[in-house]
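Structure at a glance
Read off the chains here:
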Amino acid sequence: MNEHVLEEKQTTMKKQTSKKNKNTYLWGWLLIAPTAIGLIVLNIIPVFQTLLMSFQNVSTFGTSAFVGLDNYIRMFSDAEFWQSLRNTLIYTVIQVPFTVILSTIAAVLVNTKLKGVGIYRVIYFLPMIAAPAAVAMVWRWLYNSEFGLINIALGYFGLENVQWLSDPNVVLWSIIIVGIWSNIGYNMILLLAGLQEIPQEYYEAATVDGAGKIRQFFQITVPLLTPQLFFVLVTSVISALQIFDVIFIMFDVTNPSLNKAQSLVYMFFNESFVLNDKGYGSAVVMVLVVIIMIITAIQLIAQKKWVTYD
């Protein structure tokens, strides 16, 4: 009799547990549904549509004809494409390391117990609050060759004006500076969250052993901060490869140096929506998608050798 009652209780508990798990899964799906639907509608479906369009010739009136690999053959023989790819890769290779290094230093500095440290955190984060278009417009004024504040400051030191937005040898560096300045604050907040999770006992033990601040930084802070550094690195690379708004706002289409500054995304925009060659523009952006996927895959594989999750 007792065994029968025990079995009934166990069966009832299993049913209750199963029902509870189903409710949990249901609520979980309901909570992620808005994000999932938005991701599918706004990101995943357009990717496949763009891939299909890259094999087509789309006319001004919306009609399309399948042309196979013609758009890709044309692209790989286009000097403008290779220049845009070169600009994009150079921008990424220079901007990302400087941004990550400076963001890490800023995070360490604002993680100290200083008077008014909250104000410094806000100041660092302010560029992320401003709209990208507003940031680009402000920097365009700062870079003005005649009345820009940067050239005025250089004049005080007896230096000649720099043609920040018209010199082909300088324009890419101008964009890189804006990119670094714009992204330090966001990355700093992410790294600051990681720094605050590191137990202080490690630093106290290192101090007792005679380790200085620099040694503690490289042997304690950096290894334990690698998960956040990895996330920042991946997102920074993806963001840098998609640079567009700064170039679009800061450079006029008549600027002779635009060719030395335009990115793959800018070329995609110009071909698709200005020249109305959506098939060719789609081919350009699909190459960028492949590049991002390859670089991200390499980063995911390499993280096993340098990221510490313990």
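Being a predicted model, the structure only gives us computed values, none of them experimental.

1. As for the overall build of the protein chain
- A tally of helices and strands in the protein chain yields 13 helices and 2 strands.
- Each of the three principal axes of the protein chain carries a C-alpha extent, and together these read 95 × 65 × 35 Å.
- Summed over its atoms, the accessible surface of the protein chain is roughly 19,500 Å², and 68% of this surface lies on carbon and sulfur atoms.
- Each charge class in the protein chain can be summarised by its mean position, and for the 18 positive and 18 negative side chains these summaries are 10 Å apart.

2. Notes on the packing of aromatic side chains
- For the structure shown, the criterion picks out 15 aromatic pairs.
- Judged by centre distance (6.1 Å) and plane angle (40 degrees), the rings of Phe-76 and Trp-82 are tilted.
- Judged by its relative accessible area of 41%, Trp-82 is partly exposed.
- Here the aromatic cluster, defined as three or more aromatic residues joined through ring pairs, consists of Phe-244, Phe-248, Tyr-266, Phe-268, Phe-269 and Phe-273.
- Its guanidinium or amino end placed over the ring of Tyr-280, Arg-74 lies 3.7 Å from that ring's centre, counting from NZ or CZ.

3. Observations concerning the environment of Phe-268
- Checked against the element boundaries, Phe-268 lands in helix 12 (residues 264–274).
- Residues within four places of Phe-268 in sequence aside, it is in contact with Phe-273, Gly-281, Ser-282, Val-284 and Val-285.

4. Notes on the packing of helix 3 (residues 79–110) against helix 12
- Where helix 3 contacts helix 12, the axes come no closer than 8 Å and their chain directions differ by 140 degrees. When helix 3 is examined against helix 12, the residues Glu-80, Phe-81, Ser-84, Leu-85 and Thr-88 are found in contact with a partner set consisting of Leu-264, Met-267 and Glu-271.
- For the contact of helix 3 with helix 12, the class distribution of residues is 4 nonpolar, 2 polar and 2 charged.

5. Some words on helix 5 (residues 132–142)
- Inspection of helix 5 places Val-135, Ala-136, Trp-139 and Leu-142 among the buried residues, and these make up the whole buried set. Axial view of helix 5: buried residues confined to an arc of 115 degrees, hence all on one face.
- The elements touched by buried residues of helix 5 are helix 4 (117–129), helix 6 (149–156), helix 7 (171–195) and helix 11 (245–250).

About the criteria used
- Residues numbered from 1 in each chain as written.
- Predicted model: local features only at pLDDT ≥ 70, side-chain atom pairs only at ≥ 80, totals over all residues.
- Heavy atoms only, no water.
- Helix = DSSP H or I, 4+ residues; strand = E, 2+ residues; numbered from the N terminus.
- Areas by Shrake-Rupley, 256 points an atom, 1.4 Å probe, with all protein chains shown as cover.
- Lys, Arg positive; Asp, Glu negative; His and termini not counted.
- Charge placed at Lys NZ, Arg CZ, Asp CG, Glu CD.
- Phe/Tyr/Trp six-rings, centres within 6.5 Å; stacked < 30°, edge-to-face > 60°.
- Buried < 20%, exposed > 50% of the residue type's maximum accessible area, 1.4 Å probe, protein only.
- Lys NZ or Arg CZ within 6 Å of the ring centre and 35° of its normal.
- Contact = heavy atoms within 4.5 Å.
- Axes fitted to C-alpha atoms, helices over the stretch in contact; angles between N-to-C directions.
- Nonpolar A, V, L, I, M, F, W, Y, C, P; charged D, E, K, R; others polar.
- Arc of directions from axis to C-beta.

This is a description of form; function is not addressed.
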